[in-house]
Amino acid sequence: MKLLAAANCFFVFLLFSAAPKAFEALAQEPAPSPTAATGKRPENQEEMQRKNFGIVIHGGAGTIERSTMTPEKERAYRAGLERALTAGYEILKRGGSSLDATEAAVRVLEDDPHFNAGRGSVFTSAGTNEMDASIMDGNTLKAGAVASVKRVKNPVSLARLVMEKSPHVILDCVGAEAFAKENGIELVDPKYFFTQERWDALQKIKEAEKHGGVGGKRFFISEDGRHGTVGAVALDKAGNLAAATSTGGMDNKLPGRIGDTPVIGAGTYANNQTCAVSCTGDGEYFIRAGVAHEVSALIEYRGMKLQEAAQMALDAVEKLGGAGGLIAIDKNGEIALPFNTNGMYRGYVDPNGKFVVEIYK
Ligand code: ASP
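Residues numbered from 1 in each chain as written. Predicted model: local features only at pLDDT ≥ 70, side-chain atom pairs only at ≥ 80, totals over all residues. Heavy atoms only, no water.

**Topic: the site of the ligand**
Point 1. Taken together, G228, T229, T247, G249, M250, R257, G259, D260, T280, G281 and G283 make up the full set of residues adjacent to the ligand.
Point 2. Contact distances for the ligand include 3.4 Å between an oxygen atom and a backbone N or O atom of G228.
Point 3. The contact in question runs from a nitrogen atom of the ligand to an N or O atom on the backbone of G281, over 2.7 Å.
Point 4. If the ligand stood free it would expose 270 Å²; the protein chains cover 97% of that surface.
Point 5. Per-class residue counts for the shell around the ligand are one nonpolar, eight polar and two charged. (Near = heavy atom within 4 Å. Polar contact = N/O pair within 3.5 Å; in protein donor to acceptor, adjacent residues only side chain to side chain. Areas by Shrake-Rupley, 256 points an atom, 1.4 Å probe, with all protein chains shown as cover. Nonpolar A, V, L, I, M, F, W, Y, C, P; charged D, E, K, R; others polar.)

Set out below in structure tokens:
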């Protein structure tokens, strides 16, 4: 048993110590040998770099206990993450944009009831589902977001529409849904977002609240009531970065509460000069620490590597008392996936085109 645990630790160590470096060559298409045709090295190194492309996704960070995870459930989570990776990766492989890839990956997770976004969104204290989403284009620094929408099947696509077809960055509830209707975005009956599991989770919290909550807190957000968020970051063959994030928010949140997900610079950020970031965790803390932009700023102004910058930005959340994680990819295709919770549903495609999906630490 001990041996098994040690082997497991070693594997995790290998994975995390190898992953960032491996991603320097992420999904590189076989570059023509520098000397094959001309006998010279390519003059434009950047041109070779542009052949890099990659995608990283997450399905939320939280207290993910092996003991409460059935094999069927775990298989379903893994399959959902793989479907999302496939959707995004295929677009990038064909030379599609990072914006299209991140939107496609997030839509898959929004449609999957296992994840807290779209279909599987958690409930507010009033028993409603209110979703937030955002997307950012690292090439133009344009961004779009929606907050507290109740009838939008795929909030990430509405966020993209806000970015591309409105002069604004964030639209909320009624206005966002009117804008969706005008632009032919699919609206559904709020019943579409009902899932028994999320409903039961709310009832459990309500029950605990009757007994005073925990530590005298008015709102008891149980440890296993953290249901995460979904997100994707990508680098395309043209060298453009994008990030997209979507969430149902936090269990038992007050109606009207808006988390970090639609706040550009907090839950989502992308800049071709640095990196693309998507966050998950206690939104209030991610807003206060300005996490997604912080990662970019640490690279831009302090010259940090992605790994170091991502960890430092997340450490700031922890210092404030918050928990969560983030995924990031930089302009060279390096990746980082730090989290300070028991687990984070996450995945990426390794340099050999193999899909890597992880849940626990
Ligand atoms: N960050 C999300 C929010 O605060 C929730 C999560 O990722 O767990 O709305």
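**What about the pattern of salt bridges?**
Point 1. Counted by the stated rule, this structure contains eleven salt bridges.
Point 2. A salt bridge links K93 to E90, with the nearest nitrogen and oxygen atoms 3.6 Å apart. A residue pair is termed a helical-turn pair when its members lie 3 or 4 positions apart in one helix, as K93 and E90 do in helix 3 (residues 71-93) at three residues.
Point 3. Given the relative accessible area of 41%, K93 is considered partly exposed.
Point 4. Classification of E90 by relative accessible area gives partly exposed; the value is 30%.
Point 5. One connected set of salt bridges, linked through shared partners, spans D100, E103, R160 and E164. (Salt bridge = Lys/Arg side-chain N within 4 Å of Asp/Glu carboxyl O. Helix = DSSP H or I, 4+ residues; strand = E, 2+ residues; numbered from the N terminus. Buried < 20%, exposed > 50% of the residue type's maximum accessible area, 1.4 Å probe, protein only.)

**Comments concerning the packing of aromatic side chains**
The relation between two aromatic rings is expressed through the spacing of the ring centres and the mutual angle of the planes.
Point 1. In this structure the tally under the stated criterion is nine aromatic pairs.
Point 2. Where F115 meets Y345, the ring centres are 6.0 Å apart and the plane angle is 85 degrees; that geometry is what we call edge-to-face. Highlighted residues: F115 in the loop between helix 4 (98-111) and strand 2 (131-137) and Y345 in strand 11 (residues 343-349), separated in sequence by 230 residues.
Point 3. Since its relative accessible area comes to 9%, Y345 is described here as buried.
Point 4. Here R119 stacks its cationic end above the ring of Y192, 5.3 Å away from the centre of that ring. (Phe/Tyr/Trp six-rings, centres within 6.5 Å; stacked < 30°, edge-to-face > 60°. Lys NZ or Arg CZ within 6 Å of the ring centre and 35° of its normal.)

**Thoughts on the sheet that holds strand 6 (residues 241-247)**
Strands belonging to one sheet form pairs held by backbone hydrogen bonds; the direction of such a pair is parallel or antiparallel.
Point 1. On the basis of which strands lie adjacent, the open sheet formed by eight strands has the order 4-3-2-6-5-1-11-12 and mixed pairing. Because the sheet does not close on itself, it has two edges, and the strands there are strand 4 (170-172) and strand 12 (355-360). Strand-to-strand, the axes of this sheet are offset by a mean angle of 10 degrees, without reference to chain direction.
Point 2. Across five bridges, strand 1 (residues 54-62) lies against strand 5 (residues 230-235) in antiparallel orientation. Each bridged residue has a counterpart across the sheet, and for I57 the counterpart in strand 5 is A232.
Point 3. Sitting on the sheet, helix 4 is in contact with strand 1, strand 2, strand 5 and strand 6, with an inclination near 160 degrees to strand 5.
Point 4. Along the sheet, helix 6 (residues 173-182) contacts strand 3 (142-149) and strand 4; its crossing angle with strand 4, the most-contacted strand, is approximately 105 degrees. (Pairing = 2+ DSSP bridges. Axes fitted to C-alpha atoms, helices over the stretch in contact; angles between N-to-C directions. Contact = heavy atoms within 4.5 Å.)

**Describing the packing of helix 9 (residues 291-302) against helix 10 (residues 306-320)**
Point 1. Here helix 9 crosses helix 10 at 135 degrees, and the two axes come no closer than 9 Å. One way to sum up the angle between helix 9 and helix 10 is to call them oblique. Remark: the crossing between helix 9 and helix 10 carries right-handed chirality. Each of V291, E294, V295, L298, I299 and R302 in helix 9 lies in contact with helix 10, whose residues at this interface are L306, A309, A310, M312, A313 and V317.
Point 2. Tallied by class, the residues present in the contact of helix 9 with helix 10 amount to ten nonpolar, no polar and two charged. (Parallel < 35°, antiparallel > 145°, perpendicular 65-115°, else oblique. Left-handed = near helix turned anticlockwise from the far one by under 90°.)

**Side note on the confidence of the model for the protein**
Point 1. Here the protein averages 85 in pLDDT, while 81% of its residues score no lower than 70.
Point 2. Low pLDDT, under 50, characterises residues 1-50; the predicted model gives this stretch 57 contacts beyond four residues in sequence or across chains.
Point 3. A low-confidence stretch, residues 215-220 stays under pLDDT 50, and its non-local contacts, those more than four residues away or across chains, total twelve contacts. (pLDDT = per-residue confidence, 0-100.)

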